[in-house]
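Read off the chains here:
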Amino acid sequence: MTDDVVDVAVVGAGPVGLTLAALLGQAGRSVVVLERHPALYGLPRAASFDGEVLRLLAGLGLAEELLPTLHVQEAYQWSDAAGEVLLSLESRLVGDSGWPDLLMFHQPVLERALHARCGSLPSVEVRLGAAVTGLDRAEDEVRLVTAEGGTVRARYVVGCDGGNSFVRTALGIDEDDLGFAEPWLVCDFVLRRPAAELGLPSALQVGDPDGPTTIFTTGAGRQRFCFMLDDADVGREIADAEVWRRVERHLTPADADVERVATYTFRSLVARRWRDGRVLLAGDAAHRMPPFLGQGMCSGMRDAANLAFKLDLVSTGAQDPGVLDTYQSEREPHVRALTATSIALGRRHTLTDHALARERDDAMRATRDSLREPERIRLPDLGPGLHGPGGGALSVQGRVDDGRRAGLLDQVVGGGFRLLLLGDDFPDVDVTALRAAGVTTTGIGKSAGDGVVADLDGTLHRWFDRLGATAVAVRPDHYVLAAGPDAGEVARALLRVVAPPVAGSVSRARRSSTGRAAGTR
């Protein structure tokens, strides 16, 4: 790229930064990613994501590549020190997003796939070994300076540079400490035989007051063990002999090789501001949560999806820059709710007082015995922002058929902004105006027809029934913008967001990012 002003500069080439860059590049925006390390990190850190994130990755064309490397979790379990299972949270093989509820992965595989996707997009450039050391803001752009003296000028900058974010520090943004800080030892292994053959737990937290432990599979052929440490152990070098001693009930050197040993202090911190003019924060730069719910990286990926389409709306002139304020208003309540749940799980898990641990186990046992159906993790809706009546929840994806092919809704209809309508007759909907604004309009019926897809298993009809809706407007991040019984009003709510101003604007209909496909209007 030249020294021209790019649409967005992303600081940090982890999963969040690369996802944001790929989404923006797929929408046609010019992006430069600046990463301080000379290569992708190459070692595992995050280990799980959910169906919502896999749906996002599928929209980037990565699902088929990643699936063979993933491990699908069917349940997340909790046992007492003696091994009795006191809690089993169900993970559906097909969840609301159309994919499994919980998947385990190897982070370097994900980062390589995202990096390659960015490399395939002509408007995206990833610069490795480019540490950002300066940030200067003007009225209409931001100038970043790198350690080797390079510069990047961008209309917007997003700091995806982790918990020790340079961008957050440069902006002088403080963090709220939500009160959880625990040191843990994390040990990753490459298995020589399948985990099932070795009898390894798939996803288990052991509430042992003498040593809280977490064990789970982290993708095909890999296993992670996490052990809570005493404060005195923080910063101490952990020898391989100690690692093998800690895992000897489950693994021996004949079964696996040590891939990584690291000590972490799991924290709970939220930045007080996620936007300062033309500079924004995402992922760990904006928030950190303990890993007990497996939602840390997922939250960062949601940040990327939320920001990408809003930055695109601003770039095309469809929305005023003030729409970027809805990023924090929507995402922060979601993040804080998940962080609170994760902290609660962590505090319950890390009890070291034997009497309190017995009380906890007895209470969990009583709850388990009283349940009539399996428990399941339920995620919150968005906070207030760029959505209207009936909006704010994650949309549901089912299998459909347009008469030429069958598949998940996104695969058949495409991404971008979508208006989903029950039936095949929409007299109150201005389909022409929606098409001109780049919106895909699709009927949901019992059988396929012109502009109508067949709802193969009834998933979408059941969802519409729960919403009490005949029309649902869906945003590019797969959250509902508006829903209700008046299709015309839902369509108008969508047009108010996506239709650009009449004067001096560029029609969104020309853009390739709208995801129009067969079976749509």
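Since this is a predicted model, take the numbers as computed values, not measurements.

Enquirer: Describe the packing of aromatic side chains, with residues and values.
Expert: Following the criterion strictly, the structure yields 12 aromatic pairs and no others. A centroid spacing of 5.0 Å and a plane angle of 40° characterise the contact between phenylalanine 49 and phenylalanine 105, whose relative ring orientation is tilted. With phenylalanine 49 in strand E3 (residues 48-50) and phenylalanine 105 in the loop between strand E7 (102-104) and helix H4 (107-119), the pair connects residues that are 56 residues apart, well separated along the chain. Pair check on accessibility: phenylalanine 49 and phenylalanine 105 agree, each one buried. Between phenylalanine 225 and phenylalanine 227, the ring centres sit 6.4 Å apart and the planes meet at 10°, which makes this aromatic pair stacked. Residue classification places phenylalanine 225 among the buried positions, given a relative accessible area of 1%. On the basis of relative accessible area, phenylalanine 227 is assigned to the buried category, the value being 7%. Ring pairing ties together the aromatic residues Phe180, Trp184, Tyr264, Phe266 and Phe292, which thus form one cluster.

Enquirer: Describe in detail helix H8 (residues 296-316), supporting the description with residues and values.
Expert: Residues spaced three or four apart along an α-helix face the same direction, because each turn holds 3.6 residues. Under the 1.5 Å per step criterion, the end-to-end length of H8 is 31 Å for 21 residues, consistent within 8% with the ideal 30 Å. Positive backbone phi, approximately 85°, marks glycine 317, located one or two places after H8.

Enquirer: Would you mind going over the domain arrangement of the protein in detail, with residue names and values included?
Expert: As far as domains go, the protein holds domain 1 (6-70 + 102-176 + 269-352) and domain 2 (393-498). The junction of domain 1 with domain 2 conceals about 1000 Å² of combined surface from both sides, 49% of it contributed by carbon and sulfur atoms. Looking only at domain 1, the three residues that lose the most surface to domain 2 are Glu52, Arg55 and Phe309, adding up to 60% of its buried area. Counting the contacts that link domain 1 with domain 2 gives 2 salt bridges. Salt-bridge contacts for aspartate 410 lead to arginine 55; the nearest nitrogen and oxygen are separated by 2.7 Å. There are 6 residue pairs in polar contact (both at pLDDT 80 or more) connecting domain 1 and domain 2. The set of elements that each furnish at least two residues to the side of domain 1 that touches domain 2 consists of helix H2 (51-59), H8 and helix H9 (325-349). With 6 residues, H8 is the single largest residue contributor to the side of domain 1 that touches domain 2. Within the side of domain 1 that touches domain 2, the residues separate by chemical class into 4 nonpolar, 3 polar and 5 charged.

Enquirer: Just give me the short version of the pairing of strand E9 (residues 132-137), but keep the residues and values in it.
Expert: Across a regular strand the side chains alternate sides, sitting on one face of the sheet and then on the other. With 5 bridges joining them, E9 and strand E10 (residues 142-146) adopt antiparallel strand pairing. In the sheet register, glycine 134 faces E10, and the bridge partner there is valine 145. The antiparallel pairing of E9 with E10 creates a hairpin that spans 4 residues between the two strands.

Enquirer: Please provide a residue-by-residue account of the packing of helix H1 (residues 15-26) against H8, values included.
Expert: Contact pair H1 / H8: the axes reach a minimum separation of 9 Å and the direction vectors enclose 25°. Judged on the interaxial angle alone, H8 and H1 are roughly parallel. In this structure, the crossing between H1 and H8 has a hand that is right-handed. Across the interface between the two elements, Pro15, Val16, Thr19, Leu20, Leu23 and Leu24 of H1 pack against Met297, Gly300, Met301, Ala304, Ala305, Leu307, Ala308 and Leu311 of H8. Each residue belonging to the contact of H1 with H8 can be placed in one class, and the counts come to 12 nonpolar, 2 polar and no charged.

Enquirer: How would you sum up the sheet that holds E7? Please name residues and give values.
Expert: Pairing is antiparallel across the open sheet formed by 3 strands, whose spatial order is E3-E7-E4. The sheet is open, and its two borders are formed by E3 and strand E4 (71-72), each paired with just one other strand. Sitting on the sheet, H2 touches E3 and E7, and the angle it makes with E3 is about 80°.

Enquirer: So, the state of the cysteines: which residues are in play, and what are the values?
Expert: This model, assessed by the stated rule, comprises 0 disulfides. Here cysteine 160 stays free of any disulfide, with the sulfur of cysteine 118 as its closest cysteine sulfur at 11 Å. We note that cysteine 187 lacks a disulfide partner, and the nearest cysteine sulfur, in cysteine 226, lies 7.6 Å from it.

Enquirer: Explain the side chain of threonine 218 residue by residue, including any values.
Expert: Looking at where threonine 218 falls in the secondary structure, it is placed in the loop between strand E14 (213-217) and strand E15 (222-228). Accessibility expressed as a relative area gives 4% for threonine 218, which makes it buried. Dropping the residues within four chain positions of it, threonine 218 is found in contact with Ala47, Met104, Phe105, His106, Asp188, Gln223 and Arg224.

Enquirer: Quick one: what's the story with the sheet that holds strand E13 (residues 203-207), residue by residue and with numbers?
Expert: Strand order in this open sheet of 8 strands is E6-E5-E13-E14-E15-E12-E16-E19, and the pairing throughout is mixed. If you trace the sheet from one side to the other, it starts and ends with strand E6 (85-90) and strand E19 (287-288), each paired once. Bridge count between E14 and E15: 5 bridges; the pairing is antiparallel. By the bridge assignment for E15, threonine 217 is matched with glutamine 223.

Enquirer: Can you lay out the pairing of strand E22 (residues 418-422) for me, pointing to particular residues and giving the numbers?
Expert: Most of E22 is tucked away: 4 of the 5 residues are buried. Pairing analysis gives 5 bridges linking E22 to strand E23 (residues 440-445), with the strands arranged parallel. Along E23, the bridge assignment pairs leucine 422 with isoleucine 444. The parallel pair E22 and E23 is bridged by helix H12 (residues 431-436), and the resulting crossover is right-handed. Pairing geometry for E22 and strand E25 (residues 471-474), over 4 bridges, is antiparallel. Directly across from leucine 421, in E25, lies its bridge partner alanine 471.

Rules behind the numbers
- Residues numbered from 1 in each chain as written.
- Predicted model: local features only at pLDDT ≥ 70, side-chain atom pairs only at ≥ 80, totals over all residues.
- Heavy atoms only, no water.
- Phe/Tyr/Trp six-rings, centres within 6.5 Å; stacked < 30°, edge-to-face > 60°.
- Helix = DSSP H or I, 4+ residues; strand = E, 2+ residues; numbered from the N terminus.
- Buried < 20%, exposed > 50% of the residue type's maximum accessible area, 1.4 Å probe, protein only.
- Expected span 1.5 Å × (residues − 1).
- Domains from an automatic or database assignment.
- Buried area = accessible area lost by both parts, 1.4 Å probe.
- Salt bridge = Lys/Arg side-chain N within 4 Å of Asp/Glu carboxyl O.
- Polar contact = N/O pair within 3.5 Å; in protein donor to acceptor, adjacent residues only side chain to side chain.
- Nonpolar A, V, L, I, M, F, W, Y, C, P; charged D, E, K, R; others polar.
- Pairing = 2+ DSSP bridges.
- Axes fitted to C-alpha atoms, helices over the stretch in contact; angles between N-to-C directions.
- Parallel < 35°, antiparallel > 145°, perpendicular 65-115°, else oblique.
- Left-handed = near helix turned anticlockwise from the far one by under 90°.
- Contact = heavy atoms within 4.5 Å.
- Disulfide = S-S within 2.5 Å.
- Right-handed = clockwise from strand over helix to strand, strands pointing away.

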